[in-house]
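Observations on the model geometry
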Amino acid sequence: MVGNLNFTLDTFILRKLAQELRKKYGDIYEIYLGSTRTIWLNRADMVDEIMLSNNRLAENFNLDEIGVSDKGVLLNRNLDDVMYHRKIFDKTILTSQFGKNITPITQSLFKELESLWKNYGCLEGDKEIDILLWMERLGFECMLKLFTNFRAYALINYYNFLNPKQKVIVPENPLSPIVTEGFIKNLPNFFFIIHHFFFSVKCLLRAPGKRKITNNYLRGKDWLDSNIMNLIKLRKSQIENYSIDELPHHPEVLQQIREELTNVIGTKEDSEITFEDLNKLKYCKAVITEVGRLHTFIPINGRVSLKSVVIDNYKFPANQQFIINAAAIHLDPKNWNNPEEFDPSRFLSSDGDSKNTLMMFGGGPRTCPGRNLGMTQLKILMALIYRKYDIELVDPTAQIKSKYSFINQCYEMKVKIKQRRNIEKEF
Ligand code: HEM
């Protein structure tokens, strides 16, 4: 195959290409990426054994040359080091305490966002905004607060940029708007890996609120620490954005979300939502999971065999690079009824429960350690947005604007927001 630049350009092309290759070459085939032989696996049962490997990328990707193969987590090939980091994740970000802490933080920052939206005059349903840009800043601010107890006031900075004649005073803080904005704006464009491989546990080991944040911190000097926020900012804002794109096309799903929200948290639009409430939002969780299936966040993932392995009667040596085509597995009719359809109710039944059919968070020993934290925050944002607001896509017929660079990224989402009236009467 020549010209695989397509991979980096557009998620839809990648998704289509993944489907085309599968149709043409079957469930297992090889592709040379440069001189590296990669074996592509497209069926859930084929990946069972290889997902148990705790190594993601083979030696011949020249990671040593750029100095990343022994750092952080994602691309680190020093497996003892990786497993040490993972143990710390298990005792920190994977625990419910992190979910409990992020719940009030997100609510109070969402209130700040709402008051800025109100000042900006965009809650009457007639003013276009790019909600992606607001959500990125909200996500960033939540994680900064969660991990450091500091604020960057990224939402206020963005508001002041949009509305220079009626600026809001930015409280004193150690981060300049230029640095914060540069950080937020540039990251989605950087080679994605940077978000991951510098990921470190250092910040988890320090007590929140005690660390010193300087402009250099976000400028890149201390990437090791800052990337934890990055990851989350991107991850969550992406899934949120895909949800915002799906829901206007599925009013029946939105209706069910709202029914569940009313049953669990009541009809008061500003009442406090607790971590316990979030655990009861089964339908909202199903919607988020369905978005994660259809818009696979990491559509193709890597694993390396630690010893020789037989897959579908083919024998492969140790240190073979495999590519797991999660996007194709997510659309495989053998795993899912009507796989192209957006149908969250499939996650309320047993459909999709089998092993490795859903890889929204990957799988095996390298599965995403931030999955609980990510899911909690997505549920709370879904509740905060949809219990109080109607969101209309400016152009509902347009294809979602997304691109692919290792992660599936949405880069623009123009919407109009309107505050709902008489919520109590609707039910
Ligand atoms: C909805 C949100 C999220 C999604 C969809 C997601 C998805 C993923 C996926 C698919 C992987 C690859 C797993 C594999 O290879 O098996 C991954 C890895 C990872 N994620 Fe997440 N993630 C999310 C949120 C988070 C959060 C909130 C954090 C941190 C606080 C985080 C930290 C990580 C790390 C450190 C890895 C690398 C793990 C390793 O290499 O061992 N993720 N994530």
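In this numbering scheme, every chain counts its residues from 1 along its sequence in written order. Per-residue local features of the predicted model are confined to residues with pLDDT of at least 70, and side-chain atom pairs are confined, for both listing and counting, to 80 or more; whole-chain, interface and lining totals are unaffected and use all residues. Heavy atoms from the whole structure form the basis of all side-chain values; hydrogens and water molecules are not counted.

1. Quick word on the sheet that holds strand β8 (residues 389-393)
A strand pair is defined by DSSP finding two or more bridges across the two strands. Going along the chain from the N terminus, every DSSP run of H or I of four or more residues is numbered as a helix, and every run of E of two or more is numbered as a strand. What the three strands build is an open sheet, ordered β3-β11-β8; its pairing is antiparallel. Every interior strand has two partners, whereas the edge strands, β3 (124-130) and β8, have only one. Each adjacent strand pair in this sheet contributes to an overall mean axis angle of 30°, direction not counted. For β8 and strand β11 (residues 414-419), the ladder comprises five bridges, and the chain directions are antiparallel. Here an angle of 0 to 180 degrees is reported between the N-to-C directions of two axes, which are lines fitted to C-alpha atoms, with helices fitted over the stretch in contact.

2. So, the pattern of salt bridges
For this document, the term salt bridge refers to a Lys or Arg side-chain nitrogen within 4 Å of an Asp or Glu carboxyl oxygen. Overall, the coordinates contain 16 salt bridges when judged by the stated rule. A salt bridge links R37 to E30, with the shortest nitrogen-to-oxygen separation between them at 2.8 Å. A 1.4 Å probe rolled over the protein chains alone gives each residue an accessible area, and that area as a share of the maximum for its type sets the label: buried under 20%, exposed over 50%, partly exposed in between. Assessed through its relative accessible area of 40%, E30 is described here as partly exposed. Because the salt bridges share partners, they merge into one network encompassing R22, D27, R43, D45, D312 and D332.

3. Observations regarding the packing of aromatic side chains
Pairing of aromatic rings covers Phe, Tyr and Trp, the last counted by its six-membered ring, and requires centre-to-centre distances within 6.5 Å; plane angles under 30 degrees mean stacked, over 60 mean edge-to-face, and any other angle means tilted. Overall, the coordinates contain 11 aromatic pairs when judged by the stated rule. Pairing W134 with Y158 gives two aromatic rings, centres 4.9 Å apart and planes at 75°, and the pair type is edge-to-face. Within this pair, whereas W134 is found in helix α6 (residues 131-148), its partner Y158 is found in helix α7 (residues 154-162), the two being separated by 24 residues in sequence. A relative accessible area of 0% means that W134 is categorised as buried. Take Y158: its relative accessible area is 6%, and that puts it in the buried class. Ring centres 5.7 Å apart and planes at 65° place the aromatic pair W336 and F347 in the edge-to-face group. One end of the pair, W336, is in the loop between α16 (326-330) and α17 (371-386); the other, F347, is in the loop between α16 and α17, and 11 residues separate them in sequence. We classify F347 as buried; its relative accessible area is 19%. In this structure, K127 packs its charged tip against the face of Y120, placed 3.8 Å from the ring centre. We count a charge as sitting over a ring when the NZ of a lysine or the CZ of an arginine lies within 6 Å of the ring centre and within 35 degrees of the ring normal. Residue placement shows R293 over the ring face of W336; its charged tip is 5.1 Å from the ring centre.

4. A few points about helix α15 (residues 282-294)
Under the 1.5 Å per step criterion, the end-to-end length of α15 is 18 Å for 13 residues, consistent within 8% with the ideal 18 Å. Extensive coverage of α15 is indicated by the burial of 11 of its 13 residues. All buried positions along α15 are accounted for by Y283, C284, A286, V287, I288, T289, E290, V291, G292, R293 and L294. One less than the number of residues in a helix, times 1.5 Å, gives the span that helix is expected to have.

5. Here's the deal with the UniProt feature "binding site: heme" (unreviewed entry) in the protein chain
Following the UniProt record, the feature "binding site: heme" (unreviewed entry) maps to C368 here. For C368, the position within the fold is in the loop between α16 and α17. The class of C368 is buried, set by a relative accessible area of 19%. UniProt positions are given in the numbering used here, feature names are shortened, and annotations may be inferred rather than shown by experiment.

6. Some points on the sheet that holds strand β7 (residues 321-325)
With mixed pairing, the four strands of this open sheet are ordered in space as β1-β2-β7-β4. Two strands lie at the open edges of the sheet, namely β1 (28-33) and β4 (300-304), each paired on one side alone. In this sheet, neighbouring strand axes are inclined to one another by 30° on average, regardless of whether the strands run parallel or antiparallel. Pairing of strand β2 (residues 36-41) with β7, which is carried by four bridges, proceeds in the parallel orientation. Paired with W40 across the two strands is I323, which belongs to β7.

7. Considering the pairing of β4
Counting buried positions over the five residues of β4 gives five, a clear majority of the element. Bridge count between β4 and β7: five bridges; the pairing is antiparallel. By the bridge assignment for β7, N301 is matched with I324.

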